[in-house]
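# Geometric and topological summary
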Amino acid sequence: RLATSQGVTLADIDLALLALEAEGFVMRGQFTTETTEVEWCERRLLARIHRYTLNRLRAEIEPVSAQDFMRFLLHWQRVTPQQHGEGPQALTGVIEQLEGYSAAAGAWESEVLPARMNDYLPDDLDALCLAGRVMWVRLNSPAAASGPVKSTPVALLPRKHAGVWMQRSTEVNSNLSPRAQKIADVLAQRGACFFDDLLRASGLLRTQLEEALAELVAQGAVNSDSFNGLRALLTPQHKRRSAHSGRRARRGVSTDIEDAGRWTLTSNESVSLNNKQDTVPPLWKRGGRGDF
């Protein structure tokens, strides 16, 4: 093209282009997709083309506005009404999406789950826990003395992934109260126990046992088969309802700690035993009711 437009031979054009290349004025290469021959381009023009290309590509991945990003987050987190689910299957999906996220124990059923469900029912969560599909646990133990259970950060996990998450759990605070340590000893020696079994084995009063369990929950040392164990500890005694109460509301839920199922240590090695020599035989060895 240059030779034709200037009316000179190709040899003269080649000599001129080589001289301009030596001066840094032009560059050779393949700059269009329609040809496989060597092309020449003025250096500054090539830099401008490169800059325009980058600007066009960056515009294609330009960050959206804060409003659009927030709309996406609400949609992705199933908080928008269009994304609300209903029933146990939808609840399972919400828990899987929030896997590993720790929220205050009192916030799960008052804010987190109802915000993502059309008609959240606590019974559905209890059913998933009792079926062995979901579990609740504190993943990170506090560095100091435990606080109230209501503010304890608790995570809901698919039980099949619990082993992965429990590997990152820290060691439980060894400064447990004598009552909490006693319950930890019983659970370490006997394995999972129902509330009534813990009452008989520990010799504690009902309120003392609940306080000990609350301390162990806040430490991340124990959990129960169903979410009702945590729910009961968050509910004042005078407001609790039994699943077998005739006055129970149609859509009510049990908050009786005896309906929590079995209590167990999150890890048998996470709580140090103060009295290892004073070992109590497990129930199944004493001919009593065994909890496996």
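Relevant structure appears above.
So, how was this worked out
Residues numbered from 1 in each chain as written. Predicted model: local features only at pLDDT ≥ 70, side-chain atom pairs only at ≥ 80, totals over all residues. Heavy atoms only, no water. Pairing = 2+ DSSP bridges. Helix = DSSP H or I, 4+ residues; strand = E, 2+ residues; numbered from the N terminus. Phe/Tyr/Trp six-rings, centres within 6.5 Å; stacked < 30°, edge-to-face > 60°. Buried < 20%, exposed > 50% of the residue type's maximum accessible area, 1.4 Å probe, protein only. Lys NZ or Arg CZ within 6 Å of the ring centre and 35° of its normal. Core = buried A, V, L, I, M, F, W, Y, C linked by side-chain atoms within 4.5 Å. Contact = heavy atoms within 4.5 Å. Expected span 1.5 Å × (residues − 1).

Moving on: the sheet that holds strand β6 (residues 193-194). What the three strands build is an open sheet, ordered β6-β8-β7; its pairing is antiparallel. At either margin of the open sheet sits one strand with a lone partner, and together these are β6 and β7 (222-224).

Once that is clear, we can look at the packing of aromatic side chains. Within this structure, the stated rule accounts for five aromatic pairs. Ring plane angle 75° and centroid distance 6.4 Å describe the contact between Tyr101 and Trp108, whose orientation is recorded as edge-to-face. With a relative accessible area of 46%, Tyr101 lands in the partly exposed category. Assessed through its relative accessible area of 1%, Trp108 is described here as buried. Three or more aromatic residues joined by ring pairs make a cluster, and in this case those are Phe69, Phe72 and Trp76. It is Arg51 that lies over the ring of Tyr52; its NZ or CZ is 5.9 Å from the centre.

Moving on, we get to the nonpolar core. Within the largest apolar cluster, 47 residues are counted, with the highest numbers of intra-cluster contacts made by Trp108, Leu125, Leu156, Ile183, Leu198, Leu213 and Trp263. Here Trp108 is in contact with Leu98, Tyr101, Ala103, Leu113, Pro114, Val154, Ala155, Leu156 and Phe227, once residues within four sequence places are set aside.

Here helix α9 (residues 178-190) spans 18 Å end to end across 13 residues, near enough to the 18 Å set by a 1.5 Å rise per residue. What α9 keeps buried is the set Ala180, Gln181, Ile183, Ala184, Asp185, Val186, Leu187, Gln189 and Arg190. Contacts made by the buried residues of α9 are with β6, α10 (195-202), α11 (206-218), β7 and β8 (262-265). Within two residues after α9, Gly191 carries a phi angle of roughly 85°, on the positive side.

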